[in-house]
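Coordinate inspection notes
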Amino acid sequence: MHLRPAVRSLLTAAAALALGVVGLAAPAHASPAASAPASVLGIPPRGANDWSCKPDPAHPEPVVLVNGTFKLMAENWATLSPKLKKAGYCVFAFNYGKLATAPVPRSAAELKDFVEAVRGATGAAKVDLVGHSQGGMMPRYYVKFLGGADKVDDLIGLVPSNHGTTNPLTKPLGDLACPACLDQMAGSELLTRLNEGTETPAGPDYTVLTTRYDEIVIPYTSALLNGPKEYVTNVVLQDRCPLDPFLHDQVTKDPVAAQWVLDALGRKGPADPDFRPRCLG
């Protein structure tokens, strides 16, 4: 049987979890120093987790990178983290919820604690969040239910599971060892609660980047958010760059997506819907 690389990686990670191999999240009460990696699996991506970094006036909010399900920060952000650091941002990343498989509310509580650690270390009033897949959706729980609305300036989701997925693998993976997978099924109780009323509570600016070739979050349009254009921008990467080939798993390494992220971070409000990135090739 031939499986796409992204599907193989999901199955491998799920099998590891079922065997009790992974437990990577730092304790919620841990200080930044205490959260130093205990093993190679806890090493941050290049450019991230310099706890002495202080934001400057041109980059006033530190950037917190939030992994997708079954992901480690070092791999998930290997390309984008050093780009953001080179652009002048203080960058932070963390592993949470046993490879982001724990229930979304539990992971959102870990995100809240990590944001408070970053704010305390940097002196920043707010942070910017850049998340992949579940990492683009889960922070919305923090914003809406855990007091994050006044702690987040930008929330940028790369292929986020904002309205869930109809991917047939989601249920068996969830039943095996991934409560977060069940939370990300289209129509789940978690997503129904998250999306009722307003999907985009006032406070942050919201930017969503998705790809027509998403094979994990199905349909790809389920990533898109409803909200006022003043603080919500939805981007389908191929609308500007028709030949952009990136799928769900590797979109964090897409140079076109990185340009959109930098545009959103570098301006007041969400990404400029009229932004023209340099396309591949």
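Preceding block: the structure.
For the structure given in this document, a descriptive report is provided here. Predicted model, so just to flag it, every value in this text is computed and none were measured. (Residues numbered from 1 in each chain as written. Predicted model: local features only at pLDDT ≥ 70, side-chain atom pairs only at ≥ 80, totals over all residues. Heavy atoms only, no water.)

1. A word on helix 6 (residues 134-145)
Between its terminal C-alpha atoms helix 6 stretches 17 Å, which fits the 16 Å expected from twelve residues at 1.5 Å a residue. Across the twelve residues that make up helix 6, a large majority, ten, are buried. Just downstream of helix 6 lies Gly147, where phi reads positive at about 80°. (Helix = DSSP H or I, 4+ residues; strand = E, 2+ residues; numbered from the N terminus. Expected span 1.5 Å × (residues − 1). Buried < 20%, exposed > 50% of the residue type's maximum accessible area, 1.4 Å probe, protein only.)

2. Concerning the pairing of strand 3 (residues 127-132)
Burial analysis of strand 3 places six of its six residues in the buried class, the great majority of the element. The side-chain alternation of strand 3 yields two buried faces, one formed by Val127, Leu129 and Gly131 and the other by Asp128, Val130 and His132. Judged from the four bridges that link them, strand 1 (residues 63-66) and strand 3 form a sheet pairing that is parallel. Bridge pairing links Val66 to Gly131 in strand 3. By the bridge criterion, six bridges tie strand 3 to strand 4 (residues 152-158) in an arrangement that is parallel. Within strand 4, the residue paired with Val127 across the bridge is Val152. Crossover strand 3 to strand 4 through helix 6 is right-handed. (Pairing = 2+ DSSP bridges. Right-handed = clockwise from strand over helix to strand, strands pointing away.)

3. Considerations on the side chain of Asn167
Inspection of the secondary structure assignment puts Asn167 in the loop between strand 4 and helix 7 (170-177). The exposure class assigned to Asn167 is buried, which follows from its relative accessible area of 12%. Apart from the residues lying within four places of it in its own chain, the contact partners of Asn167 are Glu215, Ile216 and Ile218. (Contact = heavy atoms within 4.5 Å.)

4. Overview of the nonpolar core
Ranked by internal contacts, the top residues of the largest apolar core, which has 31 residues, are Val64, Val66, Phe94, Leu111, Leu129, Met138 and Tyr142. The set of elements that each furnish at least two residues to this core consists of strand 1, strand 2 (91-94), helix 5 (104-122), strand 3, helix 6, strand 4, helix 9 (189-195) and strand 5 (205-210). If you tally residues by element for this core, the top one is helix 5, at six residues. The contact partners of Tyr142, leaving out residues within four places of it in the chain, are Ala108, Leu111, Lys112, Val115, Glu116, Leu129, Gly147, Gly148, Lys151 and Val152. (Core = buried A, V, L, I, M, F, W, Y, C linked by side-chain atoms within 4.5 Å.)

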